[in-house]
Structure formats: structure tokens, C-alpha cells
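A closer look at the structure
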Amino acid sequence: MKRREFITLLGGVAAWPIATRAQQPAMPVVGFLNSASPEAFAPFVTAFHSGLNEVGYVEGRNVAIEYRWAEGQFDRLSMLAAELVSQRVAVIVATGGTNSAVAARAATATIPIVFNTVDPVKDGLVSSFSRPGGNATGVSLFANTLAPKRLELLRELVLGANFIGVLVDANSTDANIQLREVQTAAHSTDQQIYVLTIGTEREFDAAFASLVVRQVGALLVAGSPFFTSQRDQLVALAARYAVPAIYEWREFAAAGGLMSYGTSLRDAYRQVGVYAGRILKGEKPADLPVVQPTKFEFVINLTTAKALGLTIPPTLLARADEVIE
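Since we're looking at a predicted model, the values are computed, not measured.

Once that is clear, we can look at the environment of Lys 306. Topologically, Lys 306 is positioned in helix 12 (residues 302-307). For Lys 306, a relative accessible area of 64% translates into the label exposed.

Now the structure itself:
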């Protein structure tokens, strides 16, 4: 073989890996939109990754993820959703409440959307739970319908409380629905409630101080991504002002909150990851029914109860799915 022919052959061999790489399909990109902050929602992002992994996707290996966090500024969600649409992501994961899902749905009618929200039918995101239609599907959190149950549990703990406070997020699109559910339940049991509507972290301290002034016997913290992101501060204030409180998610009780009752938020994020992966594999949102949770967690933190000087009734302890000691 002549030297020139050998060099030509060697050059062709060296080019093979380059040609092979050029033929590989581009890595799909998932747009992740959330109304809160990455630090507070890190455990839920981990659960989302777990769901993706279940269907064969690993971030950085065969899927890329573009994160957009509104940091509690709901008016930024529309802009952030538009950014993801302009990048032509393969699917948008809209988490952190109804606000994110509505913003994503307004930004695109073609890119698939996977949400976790309260009532996607009422919000106009899907036609029905079983047959979503359109370009969106996801997980329903049942947050509104469980608020009356939280009130019931709180009344069982703090017998004879004249007033029970209800803390509501002023920026949440679900706030009015949750409040109506609680008001209806309170009216049916002749329970007086004291409603506090706040929209910023700066208002927390004054809100809790007003509970003491009003001699409120206990507090129901309504479901809200903003409240979830501020769970450590809310739990600390409840301890400082010695207010027995019930929250939506287990993460509040794990952070030192007295009680929580709701579905598993981590499992909801895991399921969102599963659906995002299935869509990347070719399934259509219109054919994937909205997941409705079947597991509900009632968690009691006995350490917090002792610090508040409360004795948890045996009937409540018997019904708890988890007791933190």
C-alpha cells in the first residue's frame, strides 16, 4: 500500500466517530416551570427525576432539562412559559400550583404539558379526568376537597376552640375555592373562623401575632406552593406563638409542624416525571388520563405536641399514618 493511500484510509477511519456522532438524534429537552424557588422544592425535583428514571430517562445522559423558577412572583410565569416555548422544548412540566399550569397552557396549544394542580377540569386545562383532550394532562392534588377534613382533625384536637384561623395565600388561584370549602364546613359545625389572607413573606409575623390578639385556638394553613416554599418559617412562627396548626403536606410535619393531612406531594412529582417520560417516548397527553391520588397521609409530630403542651387524643393517634417522635 502506498503511503498516500494509507494516510487517506487512516483519515477515513478517524472520521468514523465524528460521522457516527453526527447521526445521533438530538437530546430531547424538557421545560420545567415552577412558581416557587429551587431550594425549597429540591426534594420534589428529586422525585420528578425519579419518575423520569422509571421510564428510562436520566438528566444529562439522554434528556436535558431547562428550569424556570418564578421565585414566588406569579406575574413572571407567563414570561417564563413563553421562554420555554421559544426554545421548542419537547414537553413542559408545569408544577407548583395552578398558576404555572394556566401560564403554560396560555403559552402553547401544541407543546405537550404535564401539570400537578388542584382541579384541572374547573381550570379549563382538560376536558375530563379520563379523557383530557388537547395538549395537557398530569396529576390532580385534591387540595381543595381535603381542607374540610383538616378542619375536622383540628377541631378534634383543640376541643371547644371559639375561633380557628385560616391562613390563605392571596396570590393563589385556588385560594377562593379552598376558603369556600372551609367556610362551608365551618358553617355546618357552627365553628367560627378567622381568615388571614397574605401574599408576602413580610406579612407572616404580623399574621401570627394577630392570632394571639384574637385568641384563636388553632390554625389551618391552606394549600399553596408559596406556603410550601416557606414551610420552615411558618412552622417556626407557629412554635413561637404557640399556635396548634395543621398543614397540607407531610413536609410541614417533618419540618416541625404539628399535623398534616393530604396526598403525597413527592409522589405527585414522581408521577409527573413518569408522564413526561412517556410523552417523550411518543404517547400523547390527550390519551393519558389525569392521575387522581388514592393515598392520603395523616402525620402527627408528637415532639411538637409536647412542646405546645398538648395531649393528642388516642382516637387521632390511632388514625395517624405516621407519628414523628
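Next up on the list: the pattern of salt bridges. In this structure the tally under the stated criterion is 11 salt bridges. Of the charged contacts in the structure, one is a salt bridge between Glu 66 and Arg 68, with a shortest N-O distance of 3.0 Å. Exposure remark for Arg 68: the relative accessible area of 13% places this residue in the buried category. With its nearest N and O atoms 3.2 Å apart, the salt bridge here joins Glu 152 to Lys 149.

What follows covers the packing of helix 7 (residues 204-213) against helix 9 (residues 231-240). How two helices sit against one another is set out by the angle between their axes and by the gap between those axes. Interhelical geometry of helix 7 versus helix 9 gives an angle of 30 degrees and a closest axis separation of 10 Å. Taken together, the axis directions place helix 7 and helix 9 in an arrangement best described as roughly parallel. Like other packed secondary-structure pairs, helix 7 and helix 9 cross with a definite hand, here right-handed. Each of Phe 204, Asp 205 and Phe 208 in helix 7 lies in contact with helix 9, whose residues at this interface are Gln 233, Leu 234, Leu 237, Ala 238 and Arg 240. The residue inventory of the contact of helix 7 with helix 9, partitioned by class, reads five nonpolar, one polar and two charged.

One open sheet holds the five strands; their spatial order is 2-1-3-4-5, and the pairing between them is parallel. Each edge of the sheet is formed by a strand with only one pairing partner; in this case those strands are strand 2 (64-69) and strand 5 (136-140). Here the average twist between neighbouring strands, direction ignored, is 20 degrees. Examined bridge by bridge, strand 1 (residues 29-34) and strand 3 (residues 91-95) share five bridges and lie parallel to one another. Paired with Val 30 across the strands is Val 91, a residue of strand 3. Helix 2 (residues 42-54) rests against strand 1, strand 2 and strand 3 of the sheet, and its axis sits at about 155 degrees to strand 2.

So, about the side chain of Ser 37. With respect to the helices and strands, the residue Ser 37 is situated in the loop between strand 1 and helix 2. Among residues more than four places away in sequence, those in contact with Ser 37 are Trp 69, Glu 71 and Ser 229.

A separate point is the nonpolar core. Formed by 52 residues in total, the largest nonpolar core has its most connected members in Phe 48, Leu 167 and Phe 227. Counting residues per element, this core draws most heavily on helix 11 (residues 265-280), at nine residues. If sequence neighbours within four positions are ignored, Phe 48 has contacts with Val 30, Phe 32, Ile 65, Val 93, Tyr 269, Arg 270, Val 272, Gly 273 and Ala 276. The next biggest cluster of nonpolar side chains, apart from the first, holds 30 residues, and it includes Ile 246, Tyr 261, Phe 298 and Ala 320.

This paragraph deals with helix 4 (residues 98-107). Within the span of helix 4, buried status applies to Thr 98, Asn 99, Ser 100, Ala 101, Ala 103 and Ala 104. Tucked into the core, helix 4 has its buried residues touching strand 1, helix 3 (77-86), strand 3 and strand 4 (113-117).

With that out of the way, let us pick up the sheet that holds strand 6 (residues 163-169). If you walk across this open sheet you meet the seven strands as 7-6-8-9-10-11-12, and the pairing is mixed. Two strands bound the open sheet, and with one partner strand each, they are strand 7 (192-198) and strand 12 (322-324). The sheet shows a mean angle of 20 degrees between the axes of neighbouring strands, taken without regard to direction. In this structure, strand 9 (residues 245-247) lies alongside strand 10 (residues 259-262), joined through two bridges in parallel fashion. Within strand 10, the residue paired with Ile 246 across the bridge is Met 259.

Reading the values: rules and limits
- Residues numbered from 1 in each chain as written.
- Predicted model: local features only at pLDDT ≥ 70, side-chain atom pairs only at ≥ 80, totals over all residues.
- Heavy atoms only, no water.
- Helix = DSSP H or I, 4+ residues; strand = E, 2+ residues; numbered from the N terminus.
- Buried < 20%, exposed > 50% of the residue type's maximum accessible area, 1.4 Å probe, protein only.
- Salt bridge = Lys/Arg side-chain N within 4 Å of Asp/Glu carboxyl O.
- Axes fitted to C-alpha atoms, helices over the stretch in contact; angles between N-to-C directions.
- Parallel < 35°, antiparallel > 145°, perpendicular 65-115°, else oblique.
- Left-handed = near helix turned anticlockwise from the far one by under 90°.
- Contact = heavy atoms within 4.5 Å.
- Nonpolar A, V, L, I, M, F, W, Y, C, P; charged D, E, K, R; others polar.
- Pairing = 2+ DSSP bridges.
- Core = buried A, V, L, I, M, F, W, Y, C linked by side-chain atoms within 4.5 Å.

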